[in-house]
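Observations on chain architecture
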Amino acid sequence: MTKKKANKRSDELIDELLGKYGTSPEAVLGEKGLFMDLKRRIVERALAGELTHHLGYPAGEKPMEVENHRNGYSSKKLLGEDGTMEIEVPRDREGSFEPVLVPKGKRRFEGFDERIIAMYARGMTVREIQGFLLDQYGTQVSADFVSTVTDSVIEEVVEWQNRPLELMYPVVFFDALRVKIRDEGSVKNKAVYLALGMGPDGRRDVLGLWIEQNEGAKFWLKVMNELRNRGVEDILIAVVDGLKGFPEAITTVFPLTSVQTCIVHLTRFSLSFCGWKERKQVAEALRGIYRAETAQAAEARLAEFEKGIWGKKYPMIAQSWRRNWEQVIPFFAYPPEIRKMIYTTNAIESLHMQLRKVLKNRGHFPSDEAATKLIYLALRNITKKWKNPPLTWRSAANQFAIQFGRRFMPQLTEA
């Protein structure tokens, strides 16, 4: 049969069915409409074909030498994006028939779970997912059902958190965002710590996430040991925002790593002491410090700031810079290409901003595992878009090679 004749025959069949069912939205797309009925019948025909293949003979033609044969049907309800569909699944006498299209024990069509997980990953609550499925597809599911579906990613989370990493990372940003999580009967404000690495080829990768109520050297030592156990042998520069106990922990595991305080975080902290009308002027004065050519010049400008009008009015600003000075001065040893990369934790702050959009609908999480599950799913969506290194990576890589020599050169790849 030619394609034209086949299309004509299909059109005639469709017209015949529409004449029988009607053309209203409910008649075509409703739970008992034409589309669902066709889908059900196609599934049942396919299952019948599977059983024929399994038995080795068509219905009504049982060979004498074959002992196994058809043994009626069993009803089964399937959940799908189009609603709930009841089908008749053929059986065999020996019970050896294992359908491929609708496996035993499966109650949902392929893709249904993925749709629920996708909605959950975008920040929809369990109740919102229930409402959406009921409104759009007429499918009613329980909260436990949604939780069971989303719990299926836990194994994937564990695998991701333990995957092998690169031998060396030129830059790793460590930062935290706060999330409310129920723990021991009360809701606590816990920190979710993320490590965002710039790989040897300039591509970004979230190395892991950790949830902890209180940070400290012991916690950070555990994180550093975990990174080392996953294959990391060296981190050239670690950019942090005053994380308690971090410098001691990272230099214990990676003694050559340079710990750099985030200049932008330090500047923002300084400006928190000022009134809104004064911030622009104070920010301009601080810019002269971190844009100095050398550490010596920067310290001289800090001294000038301290003695100036703003330093006298807000002495706590200069004090905060001096407290962090050991983690500020490594910045001045780098050329502009590297300075620009580590000047701020904008990369990880952008990541946090996207995560907060997902988390904003949640009052609190029932457990650390629930928070980890959603954050991982959100990260999976976000990082899908991370493909190419920044355009400035080649010049930055050349500077890393000059600055760090053999620590970087073995990882330098052709661009």
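Going by the structure above, here's the rest.
Residues numbered from 1 in each chain as written. Predicted model: local features only at pLDDT ≥ 70, side-chain atom pairs only at ≥ 80, totals over all residues. Heavy atoms only, no water.

Brief notes about the environment of leucine 55
Positionally, leucine 55 belongs in helix α3 (residues 34-55). You can call leucine 55 buried: its relative accessible area is 10%. Note: C-alpha distance between leucine 55 and phenylalanine 97 (42 residues apart in sequence) is 8.4 Å. Residues in contact with leucine 55, not counting those within four places in the same chain, are Val66, Asn68, His69, Arg70 and Asp92. (Helix = DSSP H or I, 4+ residues; strand = E, 2+ residues; numbered from the N terminus. Buried < 20%, exposed > 50% of the residue type's maximum accessible area, 1.4 Å probe, protein only. Contact = heavy atoms within 4.5 Å.)

With respect to the pattern of salt bridges
Pairs can form between side chains of opposite charge whenever their charged atoms are close. Evaluation of the coordinates by the stated rule reveals 11 salt bridges. The closest approach of N and O atoms between arginine 380 and glutamate 156, which form a salt bridge, is 2.8 Å. You can see arginine 380 sitting in helix α18 (residues 368-383) and its partner glutamate 156 sitting in helix α7 (residues 154-161), a full 224 residues away along the chain. Judged by its relative accessible area of 30%, glutamate 156 falls in the partly exposed class. A salt bridge links glutamate 278 to lysine 313; the shortest N-O distance between them is 2.4 Å. Of this pair, glutamate 278 sits in the loop between α10 (263-271) and α11 (279-290) while lysine 313 sits in helix α13 (residues 309-313); the two residues are 35 residues apart in sequence, bridging distant segments of the chain. In the salt-bridge network here, residues are joined through shared partners; they are Asp183, Lys190 and Asp368. (Salt bridge = Lys/Arg side-chain N within 4 Å of Asp/Glu carboxyl O.)

Concerning the environment of methionine 168
Topologically, methionine 168 is positioned in strand β3 (residues 168-183). Assessed through its relative accessible area of 3%, methionine 168 is described here as buried. Along the chain, methionine 168 and arginine 407 lie 239 residues apart, while their C-alpha atoms are 8.2 Å from each other.

Some remarks on the nonpolar core
One finds Trp321 and Phe400 to be the most contacted residues of the largest nonpolar core, which totals 81 residues. If you tally residues by element for this core, the top one is α18, at 9 residues. If we skip the residues at most four places from it in the chain, tryptophan 321 touches Ile263, Leu266, Thr267, Ser270, Leu286, Ile289, Tyr290, Leu302 and Val328. Core analysis: the second largest hydrophobic core is formed by 25 residues, Leu165, Val172, Phe219 and Ala238 among them. (Core = buried A, V, L, I, M, F, W, Y, C linked by side-chain atoms within 4.5 Å.)

What about the packing of aromatic side chains?
The final tally for this structure, using the stated rule, is 13 aromatic pairs. Considering the side-chain rings of tryptophan 325 and phenylalanine 332, the 6.3 Å spacing of their centres and the 40° angle between planes classify their relative orientation as tilted. Phenylalanine 332 carries the same exposure label as tryptophan 325, and that label is buried. Feature note: the residues Phe174, Tyr193, Phe219, Trp220 and Phe246 constitute an aromatic cluster, connected by ring pairs. (Phe/Tyr/Trp six-rings, centres within 6.5 Å; stacked < 30°, edge-to-face > 60°.)

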